[in-house]
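Single-letter residue listing:
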Amino acid sequence: MRLKLDTDCPLNLDFTLCCGQTFRWDKQGEWWYGVVKGRACKLRQVENTLEGVNVEFGFIKEYLGLDDDLPKIFAQINKDENMDSAIKAFSGLKILRQEPWECLISYICATYKNILAIKRMLHELSKKFGNKTVFEERNFYTFPTAKKLANASIDDLAKCGLGYRAKYVSETAKMIHRAGFDFECLKRLPYDEAKRELLHFPGVGLKVADCVLLFSLGKTEAFPVDVWVKRVIMRCYKGHFPKEFAEKISGKKSLTDVEYAKLSKFGRDYFGKYAGYAQEYLYHYERTKT
DNA sequence: CAAGTGCCTTTATC
DNA sequence: AGATAAAGGCACT
């Protein structure tokens, strides 16, 4: 697969795949290797050309959000100097449309872990419960199915480094394996309703739900608030909140649901329909700032 | 080098 | 309602 990219709409594959929204892509030389749709593949970007091996154009186009009109999105979210700097620094970072099941389990595992540890957990999980597939003489593993994880023992899941998250993964996998779950249907629901559905799964709170909505269900208004986003909001947008509230949450390590909802709603109200893009740029900006 | 801190938080309990 | 503690384990300081 080879695709000439529209020069008016920037793409930066490196930013997109390494910014912490997805955990199973690995860069070797100039190629990014990953497993999507049960298939190992590789991608690379050479200036304005995107090349893929063992992957379909239609899927990649959706996966990488190539239809998202970045100039239009930037025009909407670029409300101040902070956002302007973040956009300048990471222009071309796209919000992915990941596979929802994998995204859900990934973010249940991601709670209170750092990115390195999350990558390791998901690799171990795939290695133990996914299917091996060989690509360019290297072993890759598909992401485990709901059935596989539903039938796994808590102990075996925990051995992948999940710790107390093993129980949540197991219970969520069982719910989905037993009753099935239509993620496509969620894509068509409004943000609030889709979020309410996701919150039924054990291990899914407000933050995890927002991540799944943003990174796999196309809800670009979702504004996940993790420690880094809380930090950047307190650094750059403190004035938008009552002084007492700002002081209070600045000093704590975790947020209550009410506090979370206030920060997340600020993001949606202030940045608009593409608040999720603003979130990811700010997140990456805050994390890489010296 | 030990001990403490922090990590893309949720849940149980008060 | 709202605060607080507990829950892997590993990297980093």
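Residues numbered from 1 in each chain as written. Chains lettered and ligands numbered in written order. Predicted model: local features only at pLDDT ≥ 70, side-chain atom pairs only at ≥ 80, totals over all residues. Heavy atoms only, no water.

**Here we look at the protein's contact with DNA strand C**
Around DNA strand C sit Tyr112, Lys113, Leu116, Arg120, Gly163, Tyr164, Arg165, Lys248, Thr256 and Val258, and those are all the residues in its vicinity. Close to the protein, within 4 Å, the atoms of DNA strand C are drawn from sugar and phosphate at a rate of 57%. Between DNA strand C and the protein, one listed contact pairs a phosphate oxygen with a side-chain N or O atom of Arg120 at 3.4 Å. Residue Lys248 places a side-chain N or O atom 2.9 Å away from a phosphate oxygen belonging to DNA strand C. Here the residues of the surface near DNA strand C sort into four nonpolar, two polar and four charged. (Near = heavy atom within 4 Å. Polar contact = N/O pair within 3.5 Å; in protein donor to acceptor, adjacent residues only side chain to side chain. Nonpolar A, V, L, I, M, F, W, Y, C, P; charged D, E, K, R; others polar.)

**Here's the deal with the state of the cysteines**
One covalent bond between the sulfur atoms of two cysteine residues makes up a disulfide. Taken as a whole, this structure holds zero disulfides when the rule is applied. Just so you know, Cys103 is unpaired, no disulfide at all, and the nearest cysteine sulfur is the one on Cys211, 7.4 Å from it. (Disulfide = S-S within 2.5 Å.)

**Describing the nonpolar core**
Ranked by size, the top nonpolar core spans 79 residues in total, and within it Ile77, Met83, Phe271 and Tyr281 carry the most contacts. When sequence neighbours within four positions are dropped, the list of residues in contact with Met83 reads Ile77, Asn78, Tyr237, Phe271, Ala278, Tyr281 and Leu282. Ranked by size, the runner-up nonpolar core spans 18 residues in total, among them Trp25, Trp32, Leu64 and Leu66. (Core = buried A, V, L, I, M, F, W, Y, C linked by side-chain atoms within 4.5 Å. Buried < 20%, exposed > 50% of the residue type's maximum accessible area, 1.4 Å probe, protein only. Contact = heavy atoms within 4.5 Å.)

**Here's the deal with the packing of aromatic side chains**
Each aromatic ring pair is characterised by the separation of its centres together with the angle its planes make. Enumeration over the complete set of coordinates arrives at 22 aromatic pairs. Note on Phe15 and Phe90: the rings are 5.1 Å apart at their centroids and 85 degrees apart in plane angle, and the pair reads as edge-to-face. Of this pair, Phe15 sits in helix 1 (residues 13-18) while Phe90 sits in helix 4 (residues 81-90); the two residues are 75 residues apart in sequence, bridging distant segments of the chain. Among the residues examined, Phe15 registers a relative accessible area of 22% and is labelled partly exposed. By relative accessible area, which is 9% here, Phe90 ends up buried. Among the aromatic side chains, those forming a connected cluster through ring pairs are Phe223, Tyr237, Phe241, Phe245, Phe266, Tyr270 and Phe271. Seen from the ring of Trp31, Lys42 lies directly overhead, with NZ or CZ sitting 4.2 Å from the centre. Stacked on the ring of Tyr33, the Lys or Arg Arg138 has its end atom at 5.0 Å from the ring centre. (Phe/Tyr/Trp six-rings, centres within 6.5 Å; stacked < 30°, edge-to-face > 60°. Helix = DSSP H or I, 4+ residues; strand = E, 2+ residues; numbered from the N terminus. Lys NZ or Arg CZ within 6 Å of the ring centre and 35° of its normal.)

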